[in-house]
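Chain and residue survey
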Amino acid sequence: MSELDQATLTAGEKSVVMPVLKPTLGNSCVDISKLTKETGLFTYDSGYTATASCKSAVTYIDGDAGVLLYRGYPIEQLAKNSSFLEVAYLLMNGELPTADEFAKFDHEVAHHTMMHEAFKNFLGGFRHDAHPMAMMVGMVGSMAAFYHNTLDLEDPEQRRLAAIRLIAKVPTIAAACYRYSIGWPVRFPRNNHAYVDRFLHMMFEVPSEPLDLNPVAAKALDLLFILHADHEQNASTSTVRMVGSTGANPYACVAAGVAALWGPAHGGANEAVLKMLAEIGKPESVSSAIDKAKDKESGFRLMGFGHRVYKNFDPRAKIIREMTHEVLAELGVNDPMLEVALRLEEAALKDDYFVQRKLYPNVDFYSGIIYKALNIPTEMFTVMFAIARTAGWVAHWLEQQVDPEAKIGRPRQIYTGYAERDYKGIDQR
Ligand code: SDX
């Protein structure tokens, strides 16, 4: 990267010299904060493709090299050696925990997993066939109603406690939404279970018999949670930060993040991938799906393909792709959709349309096949993403709360409406 210290923008008679801010890793940034004052100009960057919204030390992505670091640790090493709860601690605190620190964190999270009994009244208000993400948005947002007396955001301990409560309770709420949708009674979290085991028990244990939890399933889900835990300033994390910039409470911020994640262009893609693979149905139909994805008129996109930042393989997709084969083999699952996915990937990676646009499989392309093998229903796939991403959302929210440069998010626009005009009475229109 060039050792640029400043950039000059010349606009007509005016030119303004702006400082260039240097990161630890990645692209340097031009600080345009004085641009408008000196030139009267705004900048325009739909979708913020080249705009840094904040300074952050949580996660680093190199899209060209396919690199993903959580607090400096490569995702491949964390996937191999860590656990989701340890990664949640790392994202929140910036360092890996010692054994004592982890034991304390694990104990604290375990003892904040219960929901207030009144939560169940909200569940009863939903139709049984409500999409679980609709329930999650409502239920997570309503957490503020139960903790309104510990929302002094000036108090670091109350901020930390809110983060712990979210990491601890979002799985409980998620499992309750699932149980409600199938008419089963809500299961209480067990403090003696590990984080993912606890969640799977709340999801699948029936009152009439203990759950025989397959350790392969628990390990696979823990790994998927690690891979989904954070991803820099993605749409849902940016939403959490935008809401956080107004001083809103963390439960409202994370509820907004859940809502943003739901979209099929973002976290909703894993559910959309499974539906797409089911529609394609068989390997022989892959080529027509590729043709449709290349035809702009069709409005069809290959879900699970492409990424705003990765113009190389998404490192998470590589890890999930490898684990898919192992998990399905160890669970004895033979899913024909895996063959369709493999053939779709192979065909797309050879096709000029995708190669030229650097469209590779992303984190969502294979994850649904594993969730399906774990008997998690398709509508719950994005809920899985939300459980994991809660760790990243709270890490960014905590970072934002102590950022001396943080201010309320308030983008400008290019106004394309009418110039001023006079009102006409209805009889004159
Ligand atoms: C996630 O930001 C994050 O970090 C997100 C995430 C995270 O961990 O938080 O990684 C999680 O959201 C992964 C992405 C999941 N979404 C999908 O899989 C949905 C399908 N993918 C796309 O819709 C798209 O690729 C995006 C939304 C992911 C990225 O869109 P961009 O960066 O805005 O790119 P674009 O829409 O401008 O597309 C560039 C070109 C266009 O063609 P041209 O106009 O240049 O001719 O590529 C084409 C697009 O039409 N294109 C696709 C495509 N994705 C982009 N064509 C077919 N199929 C696709 N999937």
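Here's what I pulled together on the structure shown here. Residue positions are given per chain, counted from 1 along the sequence in the order it is written. Residues qualify for local features only when their pLDDT is at least 70, as the model is predicted, and side-chain atom pairs are given and counted only at 80 or more; totals for whole chains, interfaces and linings, by contrast, use all residues. Side-chain calculation: all heavy atoms of the structure are included, whereas hydrogens and water are not.

Turning to the sheet that holds strand β5 (residues 67-70), a few remarks are in order. Sheet strands associate in pairs through backbone hydrogen bonding, adopting either a parallel or an antiparallel arrangement. The three strands are arranged β4-β5-β6 in an open sheet whose pairing can be described as antiparallel. Strand pairing shows two members of the sheet lacking a second neighbour, β4 (59-62) and β6 (73-74), which therefore form its edges. Paired strands, as defined in this entry, are two strands with at least two bridges between them according to DSSP. A run of DSSP states H or I qualifies as a helix once it reaches four residues; a run of E qualifies as a strand once it reaches two. Both are numbered from the N-terminal end. Across four bridges, β4 lies against β5 in antiparallel orientation. Paired with tyrosine 60 across the bridge in β5 is leucine 69.

Here the term cavity refers to a set of points on a 1 Å grid, laid over the protein atoms alone, in which a 1.4 Å probe fits but cannot get out; the term pocket refers to an open set having protein on both sides within 12 Å along at least five of seven lines, with lining residues being those that place an atom within 4 Å of a point. Grid points are joined across faces, edges and corners, and a volume is the space filled by probe spheres set on the points. Across all of its chains, the model carries one cavity of 30 Å³ or more by this definition. When its volume is computed, the largest cavity comes out at roughly 40 Å³. If you trace the largest cavity, you find it lined by Met114, Met115, Glu117, Lys120, Thr172, Val186, Arg187, Phe188 and Pro189. Per-class residue counts for the lining of the largest cavity are five nonpolar, one polar and three charged. Three residue categories are used. Nonpolar comprises Ala, Val, Leu, Ile, Met, Phe, Trp, Tyr, Cys and Pro, charged comprises Asp, Glu, Lys and Arg, and polar comprises the others, including Gly.

Another point: the side chain of threonine 150. If you trace the backbone, threonine 150 turns up in the loop between α6 (132-142) and α7 (156-181). By the criterion applied in these results, polar contacts are pairs of N or O atoms within 3.5 Å in which, for protein atoms, one can donate a hydrogen and the other can accept it, and in which residues neighboring in sequence qualify only through two side-chain atoms. Within the local environment of threonine 150, its side chain forms a polar contact with the side chain of arginine 165, the two groups lying 3.0 Å apart. Once you skip the residues sitting within four places of it in the chain, threonine 150 turns out to touch Gln158 and Arg165. Two residues form a contact once any of their heavy atoms are found within 4.5 Å.

What follows concerns the site of the ligand. The rule for a residue being near a molecule or strand is that one of its heavy atoms must lie within 4 Å of it. Taken together, 24 residues sit near the ligand, with His231, Leu302, Gly304, His307 and Arg316 positioned nearest. Contact between the ligand and glycine 304: an oxygen atom at 2.7 Å from a main-chain N or O atom of the residue. One nitrogen or oxygen atom from the side chain of arginine 389 is found 2.8 Å from an oxygen atom belonging to the ligand. Contact with the protein chains hides 77% of the accessible area of the ligand, taken as 1100 Å² for the molecule alone. Counted by class, the shell around the ligand contains 10 nonpolar, seven polar and seven charged residues. Areas reported here follow the Shrake-Rupley algorithm with a probe of radius 1.4 Å; residue values treat only the protein chains shown as occluding.

Okay, the pattern of salt bridges next. A side-chain nitrogen of Lys or Arg and a carboxyl oxygen of Asp or Glu constitute a salt bridge if their distance falls within 4 Å. Here the structure, examined in full by the defined rule, presents 16 salt bridges. When the shortest N-O distance is used, the salt bridge between glutamate 339 and arginine 343 registers 3.6 Å. With a gap of four residues between them, glutamate 339 and arginine 343 both fall in helix α15 (residues 336-350), about one helical turn apart. We call a residue buried when its accessible area falls under 20% of the maximum for its residue type, exposed when it is over 50%, and partly exposed in between, using a 1.4 Å probe and counting protein chains only. Residue classification places glutamate 339 among the partly exposed positions, given a relative accessible area of 37%. Here glutamate 346 makes a salt bridge to lysine 350, at a shortest N to O gap of 3.6 Å. Within this pair, glutamate 346 and its partner lysine 350 are both found in helix α15, separated by four residues, close to a single helical turn. Owing to a relative accessible area of 43%, glutamate 346 belongs among the partly exposed residues under this scheme. We classify lysine 350 as exposed; its relative accessible area is 63%.

The quantities given are spatial measurements derived from coordinates; they are silent on function.
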